[in-house]
Amino acid sequence: MNLSGQPRSAERAKATISSQGTAASPSPNVGVRPAPESFEGAVSCQSSRGERRKRSSEALVPSEGRAISGAIAGDRLLDLLESGWRRELRAGAVAGRPEADAGLAQAVATALGAQSRALRAGGVAQRWPACVVVGIARAAAGSDTTAFWPAWHRAAGLRSSARSAREWGDAFLAALGALGLPAASTAEVAVLAHATAPEDHAGSEGDLSDGVGQARLDPFGGGVLLMDVVSGQARAALPEEITAEGARLLAFDEDGAPVDGALPADAVWVLCPAGAELRSDAPVRTLVTSTLPLAWRGWRLIQVDLRGACWIALDADADASRRLVRGRTRPVLRTGPPIPGATTVAGRPVLASPPEVLLPPVKATFRVEARRTDSGATLASVTTTGDTWRPEVLWRGVRRPLLGEFVISVTPGLRRTVVLAEGLGVTSYPAPRLTSARGLQPAEAVISAPPGMTVSPAAAAYQEETVTREVTCVAGAVVQRLAVTPPHLRLRIDPEPGSGAEGTGWHHAGPLRLTHDDLWRGGLLRIDLPGAATAPAITVMAGGEPVQVLGALRDGRYPLRRILDTAAVHGGAELTITVDEGTVVTFATVTGAGPANDPWTVTQA
């Protein structure tokens, strides 16, 4: 996000639009016309071509210059904007931001309307969810919020109707779901929530003084800088020049720009007194601790990750210094990591600790409940306001340990189902299980339960061909069956990009058997090795000797076609990796003659 509030992808889109002019795209049905038989026919032909060009250009650029050129219209523009807007929305940016460029918003609406004629509104939302959210929200932000669908249809160049409004409303909700953003009870409520501009927090704790537009942060030793309006040069700022009266918590974005009001749900630089403790409703991870000039002695500068946090504040004056985080205007359920190696029989993850409900720090009233899905019995029900809520209150009077499937709901705003086996642990050896001749290494797992819960069996043995064993947990009257799968090595082959082929399933039953034809068809080998910090290098062995080393691509996958020539020269090969400080594992073999369709194969006369 740049200083004007627009994503950089939007800047690139506008730059591309302005550089390509208003030339219309050529017709897809290109044919060869016969030459005119006379000079008058040539003039007539040239004139008709000019009229067609003029009509095509006018169709692509309506009056008032609201649309964009044909060369960048449609899916190209939406593709260009989608990734940047998707990141901004997931970071908590407001879709209906009023300071965004109106011409670009109109161009997006026009492109979405054009694409919906072929894909329908639902198909457009599936392909460009961020563009749908931003386009509709900005149309609503610039109109009478009680009746924004006509404004959207005008902007998109579509005929307004109740049916079309329902389709686009469903598309808006589907787009929110695709982005992982919270929805609402109706499409209209969701649109208005995302069309509303953020509140003005001017004068709140953490605002900078009069030089806010000129202040910048050099986070690596330079400290806060002020631009001198006379000389145009940057100079070091003193604390009293930057902080408003009593301000003790200053924030800057990743680029060093000051952030007033709500903070982005991303990495943020925080400048505060050295002795103050930073508080939040969720654990805040410190990414970088930096240095400051001597003039800022007694202050500290850190970069923190605010994803998952609703607010941050200083310990001494938590209420006065509280800074909200964007995107946390609705309840959120925060869960810990699932139990490694344990799932339900249906494959759902199982949590070892109860989740926490995080409410927005507002004075609105919420009802938070926890129920069992099997009996519907209510375990806890709390009515509270967001600004006084503490997550641990929900489970305070519930009998422990928790076992089974639960529905966590917040009215209004949240409903989630989770599976809990509180305090359960799984330890397996070896970890991970590696490939053996007939499957995986033999292993054993020990399942530990907390007081108040029993598990049977408490230990399980795994033969080479066994991957998963079922166990039964009991706590009081609750019985929960779980599947215990020790972590193990597994492989799969993804198709070549653009090939249209399908990937294979995960393989773990012994070394993967490949042929030269498999290597010729190519594909990207994926190795899932739990516990490995980096993708190991593959050593190609032939005749007991290493003949090639294949490294992973940036995404951790291995291009199989790069070992085709080596396998063809040696007639076969074994693929190995080295783990656990020297353990060599043969995970695949290559056999068979060279592919018959290889144009470089030399045959004897």
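Calculation rules
- Counting from 1, residues in each chain are numbered in the order their sequence is written.
- Whole-chain, interface and lining totals are the exception, using all residues; otherwise, since this is a predicted model, local features are given only for residues with pLDDT of at least 70 and side-chain atom pairs are given and counted only at 80 or more.
- The basis for the side-chain values is all heavy atoms of the structure; hydrogens and waters are excluded.
- Here an axis means a line fitted to C-alpha atoms, over the contact stretch when the element is a helix, while the angle between two N-to-C directions is reported on a 0 to 180 degree scale.
- In DSSP terms, a helix is any run of H or I states spanning at least four residues, a strand is any run of E spanning at least two, and both are numbered starting from the N terminus.
- An angle below 35 degrees is read as roughly parallel, one above 145 as roughly antiparallel, one from 65 to 115 as roughly perpendicular, and any other as oblique.
- For this analysis, residues touch if any pair of their heavy atoms sits within 4.5 Å.
- Each residue receives one of three labels: charged for Asp, Glu, Lys and Arg, nonpolar for Ala, Val, Leu, Ile, Met, Phe, Trp, Tyr, Cys and Pro, and polar for the others, Gly being one of them.
- Pairing between strands requires that DSSP locate at least two bridges from one strand to the other.
- We define a salt bridge as a side-chain nitrogen of Lys or Arg found within 4 Å of a carboxyl oxygen belonging to Asp or Glu.
- Categorising residues by exposure relies on relative accessible area from a 1.4 Å probe, with only protein chains included: less than 20% of the type maximum marks a residue as buried, more than 50% marks it as exposed, and the intermediate range marks it as partly exposed.
- To estimate the expected span of a helix, subtract one from its residue number and multiply by 1.5 Å.
- As used here, the arc is the angular range of directions from the helix axis to the C-beta atoms.

Digging into the packing of helix 6 (residues 149-156) against helix 7 (residues 162-179)
Think of two packed helices as two axes; the pair is described by the angle between the axes and how far apart they sit.
Inference 1: Contact pair helix 6 / helix 7: the axes reach a minimum separation of 10 Å and the direction vectors enclose 85°. In terms of orientation, helix 6 lies roughly perpendicular with respect to helix 7. Side by side, helix 6 and helix 7 meet where Trp149, Trp152 and His153 of the first sit next to Ser164, Ala165, Trp168 and Gly169 of the second.
Inference 2: The class makeup of the residues in the contact of helix 6 with helix 7 is four nonpolar, three polar and no charged.

Describing the sheet that holds strand 32 (residues 583-591)
Inference 1: Strand order in the open sheet formed by five strands is 26-32-31-28-29, and the pairing between neighbours is mixed. Only two strands of the sheet have a single neighbouring strand rather than two, namely strand 26 (512-515) and strand 29 (545-550). Each neighbouring strand pair of the sheet contributes to a mean axis angle of 35°, computed without reference to strand direction.
Inference 2: In this sheet, strand 32 lies alongside strand 26 in parallel orientation, the contact comprising four bridges. Paired with Leu512 across the two strands is Ala588, which belongs to strand 32.

Here's the deal with the pattern of salt bridges
Inference 1: Counted according to the given criterion, the structure contains 19 salt bridges.
Inference 2: With its nearest N and O atoms 3.3 Å apart, the salt bridge here joins Lys363 to Asp387. Here the residue Lys363 occupies a position in the loop between strand 14 (356-358) and strand 15 (365-372), and Asp387 occupies one in the loop between strand 16 (378-385) and strand 17 (403-411), the gap between them amounting to 24 residues.
Inference 3: Residue Asp387 is classed as partly exposed on the basis of its relative accessible area, which comes to 24%.
Inference 4: Within this structure, Arg492, Asp494, Arg526, Asp555 and Arg557 form a network of salt bridges that share partners.

Let's talk about helix 5 (residues 129-141)
Inference 1: In this model helix 5 runs 18 Å from its N-terminal to its C-terminal C-alpha over 13 residues, within 8% of the 18 Å that 1.5 Å per residue would give.
Inference 2: Among the 13 residues in helix 5, 12 count as buried, and that is most of the element.
Inference 3: Every buried residue of helix 5 is listed here: Pro129, Ala130, Cys131, Val132, Val133, Val134, Gly135, Ile136, Ala137, Arg138, Ala139 and Ala140.

Examining helix 7
Inference 1: Here helix 7 contains 18 residues, and its C-alpha end-to-end distance of 26 Å stays within 8% of the 26 Å for a straight helix at 1.5 Å per residue.
Inference 2: Listing the buried residues of helix 7 in full gives Ser164, Ala165, Trp168, Gly169, Ala171, Phe172, Ala175, Leu176 and Leu179. In an axial view of helix 7, the angular spread of the buried residues amounts to 160°, which keeps them on one side of the axis. Exposed residues pointing more than 90 degrees away from the buried face of helix 7 are listed as Ala162, Arg163, Arg166, Asp170 and Gly177.
Inference 3: In the stretch just after helix 7, Gly180 is the one whose phi turns positive, near 75°.

Overview of the sheet that holds strand 20 (residues 443-448)
Inference 1: The strand order across the open sheet formed by three strands is 19-20-22, and the pairing between neighbours is antiparallel. The sheet is open, and its two edges are formed by strand 19 (425-429) and strand 22 (459-462), each paired on a single side. Strand after strand, the sheet turns through a mean of 20° between neighbouring axes, direction not considered.
Inference 2: Two strands pair when backbone bridges link them, and strand 19 and strand 20 are joined in this way by five bridges, in the antiparallel orientation. Bridge pairing links Val426 to Ile447 in strand 20.

Geometry only, nothing functional implied.
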